[in-house]
Amino acid sequence: MNKKISSALISVFYKDGLEPVVRQLQKQGITLYSTGGTQKFIEELGINVIPVEQLTSFPSILGGRVKTLHPLIFGGILGRRDNETDVNEMQQYQIPDIDLVIVDLYPFQETVAQTSDEKQIIEKIDIGGPSMIRGAAKNFNDVTVIASKNDYATLVSLLKEQDGSVSLEQRRSFAAKAFKVVADYDNAIDNYFNSDQSLSQPATKETVVLRYGENPHQQAIFEGNLQACFKQLHGKEISYNNLVDIDAAIELIKEFDKETKKAFAIIKHTNVCGIALRDHVTNAWKDALAGDPESAFGGVLITNGEVDEETAKAISEIFFEVLIAPSFTEQSLVILKSKKNRILLQLKQTDFVAKMKKSVLNGTLIQDKDVLNNEKWEEVGGRSTTETEKKDLLFANIICKHLKSNAIALVKNHQLIGKGCGQTSRIDSLRQSLEKAKQFDFDLGGAVMASDAFFPFNDCVQLGDEAGITAFIQPGGSMRDKDSIDYCKQKNLAMVFTGVRHFKH
C-alpha cells in the first residue's frame, strides 16, 4: 500500500547529502518540521520550515538535551492512521501527522575514538534521536524512516518515481535498516560502559598459549572461547595462522547461511582461492578446487553442508590443514581421520563480535565489521543484466569482499575461475585474475567481474571485455565513472553499481 508523504520531520547531526532530499521534499509540497542546526541549514537553502518549538509551543531546554521529546512530536510519529481512537485523539489534541522521519544520531563512537573526556562522551549519547527512529520504524505501516545518509539517494529516487509516495514494502525495508542503526548504536554504548563484560564478548573467556605466532620467533596467545565456536573432532593443536584463516573462512561461509545450495570454499592466507555453489557438497568441492588447484595445497577448507563419505574421499586426495563443516557422517570421519594431523572442526556458531580491533602505533583501531554487500542495484551499463549474470554478480561481489585489496573476482556459473588480490593497482589485480583463469583453462566467455572498489579508469572494463567478460559489478563513485559506463554502453556490456566499497587491508 503506497502512502503519500505530506509532512516530514528532519533532525540530523551531519548535513552532507541532505540538500537534494530537502529540495525534493519542497518540490513535492511536503511540510517540513525541524529544529536547531538542521532548521538553520534548511532555512539557508531558502526553503520554508516550521520550527519544532513552534509546533510544541515549548522551547529547547537543558542545553539542547530536550528538544523533540514531546507528545505532539511522538503522537504524530506513532499515531495509527487506521485506528479510530488514535485518529480521534490526534484531532482532539491537534497532533499533526508526521509521515517521514529523517534522523541520524549523535557521533558517540567517533567521540569515544577522539577523546577520553567522559563528560564529552556522555553528551554524545543521543536520547531523542533513537526514540524518534524507533517510533517511526515501529509505525512503518504509516511512517517512512530514514536513519542513515546512505539512504538519501534511494529516498529521492522513490519520491521522484512514485510522486511522493512510499510503498509498505519500502517502508518496512527502511524500518529494518533503522532498527539496525539503533541496535548498533546501543551496542557501542554498551561496549563503552561494560568493556570488560560486554554481551558482545565471549561468555567464558580463556587464555590459550599457542605454539608461536605468525612466525616461529613470535610468541602468541588466544583469548576467547574456541569451544563456543566449534568442536575439534580430530587433529593437531590449532596454530595462530590456522586461527586467522579459520576466522576468514567462517566469515565467508556465513554469507551463505540462507543459501539452499551447498557452498565450498578454500582459504589461503585469509584469501579465497576457490569457491563454488552447487546442489551437492562433493560437486561444490570439486569445482572450488578446480578454480585454483595449486593454491589449494595446505589450505583451510569450509562448507555449509554435511561432509559425507563421497566428499571425504575427494577431499583426501590433497593435503589440507583444516576442514570446517556443520556436520560429518561417521563414514566420512573414518576416512578423514586417517591422517593424524588433519584438523577437523564441527562448526557451532557463526555470529561473533560485531567489532574489529587492530593494534596500530600506540593505540587500537576499532571498527564495525563489513556486513553490507550492496546498498543498491543500479544498472548503468549498455544493457540490463541477464538473470544468470545477476546471480553470478551477486556471488562475485561476496567473494571480492573477502579478498585483500585491490581485489578482482571472476565468476562463471557460481564458480570462482580467477582472482587477483593484494595488488597495488586494480589493473594488476585484473591481470592476475585473468592469468589464473588462463592457467587452468577456463573459458571467460560470458563470465562476470567484481571489484572491491570503483574503477578509476575504463582500462579494467576494456581488458575484461577483450577477455570475454560480459558483466561487471563495482561500488561506483569515481570521478571518471562515466568512462567505464560509456565503454559498456558502446560494447553492450552490463554494469552494476552497488554503492558499497569493500576495502580489506
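Worth saying up front: this structure is predicted, and the values here are computed from it rather than measured.

Some thoughts on the overall build of the protein chain
In terms of regular secondary structure, the protein chain is built from 19 helices and 23 strands. Reported as C-alpha extents along the three principal axes, the dimensions of the protein chain are approximately 80 × 60 × 45 Å. Relative to its full complement of 505 residues, the protein chain shows a buried share of 48%. For the protein chain, the computed accessible surface area is about 25000 Å², with 49% contributed by carbon and sulfur atoms. With 59 positive and 67 negative side-chain charges, the protein chain shows a separation of 2 Å between the mean positions of the two kinds.

Here's the deal with the packing of aromatic side chains
Centre-to-centre distance and the angle between the planes together describe a pair of aromatic rings. Per the counting criterion, the structure on display carries seven aromatic pairs. Taking 5.9 Å as the distance between ring centres and 55 degrees as the angle between the ring planes, the aromatic pair formed by Phe256 and Phe395 counts as tilted. Placement of Phe256 in the loop between helix H12 (240–253) and strand E11 (262–268) and of Phe395 in helix H16 (residues 387–401) is noted, with a sequence separation of 139 residues between them. Per residue, the accessibility class of Phe256 equals that of Phe395, and both read buried. Feature note: the residues Phe13, Tyr14 and Tyr106 constitute an aromatic cluster, connected by ring pairs. In this structure, Lys149 is placed above the aromatic ring of Tyr14, and the distance from its NZ or CZ to the ring centre is 5.7 Å. The ring of Trp377 carries the charged tip of Lys390 above its face, separated from the ring centre by 5.3 Å.

Let's talk about the nonpolar core
With 45 residues, the main nonpolar core has Ile246, Phe256, Ile275, Ile324 and Ile399 as its most contacted residues. The element that contributes the greatest number of residues to this core is H12, accounting for seven residues. If sequence neighbours within four positions are ignored, Phe256 has contacts with Ala263, Ile275, Leu277, Asn304, Phe395 and Ile398. Residues Leu9, Leu105, Ala137 and Ala188 belong to the second largest nonpolar core, which totals 26 residues.

Digging into the packing of helix H17 (residues 426–439) against helix H18 (residues 459–467)
The N-to-C vectors of H17 and H18 enclose an angle of 15 degrees; their axes lie 10 Å apart at closest approach. Between H17 and H18, the interaxial angle falls into the category roughly parallel. The two elements H17 and H18 cross, and the hand of that crossing is right-handed. Where H17 abuts H18, its residues Arg426, Ile427, Leu430, Arg431 and Leu434 lie against Asp459, Cys460, Leu463, Gly464 and Ala467.

Section: the sheet that holds strand E3 (residues 31–34)
Hydrogen bonds between backbone atoms are what pair the strands of a sheet, whose relative direction is either parallel or antiparallel. In spatial order, the strands read E4-E3-E2-E5-E6; together these five strands make up an open sheet with parallel pairing. The sheet is open, and its two edges are formed by strand E4 (50–51) and strand E6 (144–146), each paired on a single side. Examined bridge by bridge, strand E5 (residues 100–103) and E6 share three bridges and lie parallel to one another. Residue Val101 lies in a different strand from E6, and its bridge partner there is Val145. Contacting strand E2 (7–11), E3 and E4, helix H2 (residues 36–44) runs over the sheet at an angle of about 140 degrees to E3.

Here we look at unusual backbone geometry
Backbone torsion omega between Ser405 and Asn406 reads -10 degrees, so that peptide bond is classified as cis. By secondary structure assignment, the location of Asn406 is in the loop between H16 and strand E19 (408–411). Phi at Leu361 takes a positive value of approximately 50 degrees, unusual for a residue other than glycine. The phi dihedral of Asp441 is positive, around 60 degrees, even though this residue is not glycine. Structurally, Asp441 can be placed in the loop between H17 and strand E21 (448–451). Judged by relative accessible area, which is 70%, Asp441 ranks as exposed.

Structural notes on the packing of H18 against helix H19 (residues 481–491)
The N-to-C vectors of H18 and H19 enclose an angle of 25 degrees; their axes lie 8 Å apart at closest approach. Taken together, H18 and H19 sit at an angle that is classed as roughly parallel. Between H18 and H19 the crossing geometry is right-handed. Of H19, the residues touching H18 (which contributes Val461, Gln462 and Asp465) are Ser484, Tyr487, Cys488 and Lys491. Grouping the amino acids of the contact of H18 with H19 by side-chain chemistry returns three nonpolar, two polar and two charged.

Brief notes about the sheet that holds strand E22 (residues 471–474)
Taken in spatial order, the six strands make up an open sheet running E18-E23-E22-E21-E19-E20, and their pairing is mixed. Two strands close off the open sheet at either side, each with one partner strand: strand E18 (378–379) and strand E20 (416–420). In this sheet, strand E23 (residues 494–497) lies alongside E18 in antiparallel orientation, the contact comprising two bridges. Across the sheet, Glu378 pairs through a bridge with Phe497, a residue of E23. Against the sheet, H16 touches E19, E20, E21, E22 and E23, its axis set at about 35 degrees to E21. Set on the sheet, H17 makes contact with E19, E20 and E21; between it and E20 the angle comes to about 145 degrees.

Some remarks on H17
End to end, H17 covers 20 Å across 14 residues, agreeing with the expected 20 Å (1.5 Å per residue, within 8%). Burial in H17 covers these residues: Arg426, Ile427, Ser429, Leu430, Ser433, Leu434, Lys436 and Ala437. Turning to H17, the residues buried within the fold contact E19, E20, E21 and H18.

Details of the pattern of salt bridges
Under the defined criterion, the tally for this structure stands at 24 salt bridges. Here Glu19 and Arg23 are joined by a salt bridge, their closest N and O atoms 2.9 Å apart. Residue Glu19 and its partner Arg23 are both found in helix H1 (residues 19–27); the two are separated by four residues, about one turn of the helix. A relative accessible area of 33% places Glu19 in the partly exposed class. Measuring nitrogen to oxygen at the nearest pair gives 2.8 Å for the salt bridge that ties Glu389 to Arg383.

Regarding the confidence of the model for the protein chain
Looking at the protein chain, pLDDT values average 90 and 97% of them are 70 or higher. Per-residue pLDDT stays below 50 along residues 196–203; that stretch engages in 10 contacts with residues further than four places along the chain or on separate chains.

Criteria and cut-off values
Residues numbered from 1 in each chain as written. Predicted model: local features only at pLDDT ≥ 70, side-chain atom pairs only at ≥ 80, totals over all residues. Heavy atoms only, no water. Helix = DSSP H or I, 4+ residues; strand = E, 2+ residues; numbered from the N terminus. Buried < 20%, exposed > 50% of the residue type's maximum accessible area, 1.4 Å probe, protein only. Areas by Shrake-Rupley, 256 points an atom, 1.4 Å probe, with all protein chains shown as cover. Lys, Arg positive; Asp, Glu negative; His and termini not counted. Charge placed at Lys NZ, Arg CZ, Asp CG, Glu CD. Phe/Tyr/Trp six-rings, centres within 6.5 Å; stacked < 30°, edge-to-face > 60°. Lys NZ or Arg CZ within 6 Å of the ring centre and 35° of its normal. Core = buried A, V, L, I, M, F, W, Y, C linked by side-chain atoms within 4.5 Å. Contact = heavy atoms within 4.5 Å. Axes fitted to C-alpha atoms, helices over the stretch in contact; angles between N-to-C directions. Parallel < 35°, antiparallel > 145°, perpendicular 65-115°, else oblique. Left-handed = near helix turned anticlockwise from the far one by under 90°. Pairing = 2+ DSSP bridges. Nonpolar A, V, L, I, M, F, W, Y, C, P; charged D, E, K, R; others polar. Expected span 1.5 Å × (residues − 1). Salt bridge = Lys/Arg side-chain N within 4 Å of Asp/Glu carboxyl O. pLDDT = per-residue confidence, 0-100.

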